[in-house]
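Fold and geometry: a report
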Amino acid sequence: MAEFKPELIEEFLAIVRKYMQLRGALTQKDLAEQTEIGVSTMSRFLNQKTNEINADLVARISAKLDIPFHEIIDFVDEEFTNKFIRLVK
């Protein structure tokens, strides 16, 4: 079972970039430091250079940027929705 819909990753990343701007024009490095994720890991994720979508990484980014669930919920598989919401909180 996939946790996220890979075909919607570009839409999710567009939302992330929008909230990076809204939350103070954060750079990838700023976001990596604030979420305690390695800078190279963050860069690979945001530039779609990874094979897997890590749920913890997505949850940390979503929580730190305070992205409303209604903007990203389509990206999350229905069976994983409740667990994802718990991860973000």
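Residues numbered from 1 in each chain as written. Predicted model: local features only at pLDDT ≥ 70, side-chain atom pairs only at ≥ 80, totals over all residues. Heavy atoms only, no water.

1. Topic: helix H6 (residues 81-88)
Every buried residue of H6 is accounted for by Thr81, Phe84 and Val88. Along the long axis of H6, the arc covered by the buried residues comes to 60°, so they all point the same way. Pointing more than 90 degrees away from the buried face of H6 are the exposed residues Asn82 and Arg86. Tucked inside the fold, the buried residues of H6 contact helix H4 (55-64) and helix H5 (69-72). (Buried < 20%, exposed > 50% of the residue type's maximum accessible area, 1.4 Å probe, protein only. Helix = DSSP H or I, 4+ residues; strand = E, 2+ residues; numbered from the N terminus. Arc of directions from axis to C-beta. Contact = heavy atoms within 4.5 Å.)

2. Focus: the layout of surface pockets
Here the largest pocket defines a volume of roughly 160 Å³. In this structure, the largest pocket is lined by 11 residues; those nearest its centre are Pro6, Ile9, Asn51, Glu52 and Ile53. Class assignment for the residues of the lining of the largest pocket results in 6 nonpolar, 3 polar and 2 charged. (1 Å grid on protein atoms, 1.4 Å probe; cavity = no way out; pocket = protein on both sides within 12 Å on 5 of 7 lines; lining within 4 Å. Points joined across faces, edges and corners; volume = space filled by probe spheres on them. Nonpolar A, V, L, I, M, F, W, Y, C, P; charged D, E, K, R; others polar.)

3. Remarks on the confidence of the model for the protein
Chain-level pLDDT for the protein is 91 on average; 98% of the residues reach the 70-or-more range. Within the protein, helix H1 (residues 9-22) carries the highest mean pLDDT (95), whereas H6 carries the lowest (88). (pLDDT = per-residue confidence, 0-100.)

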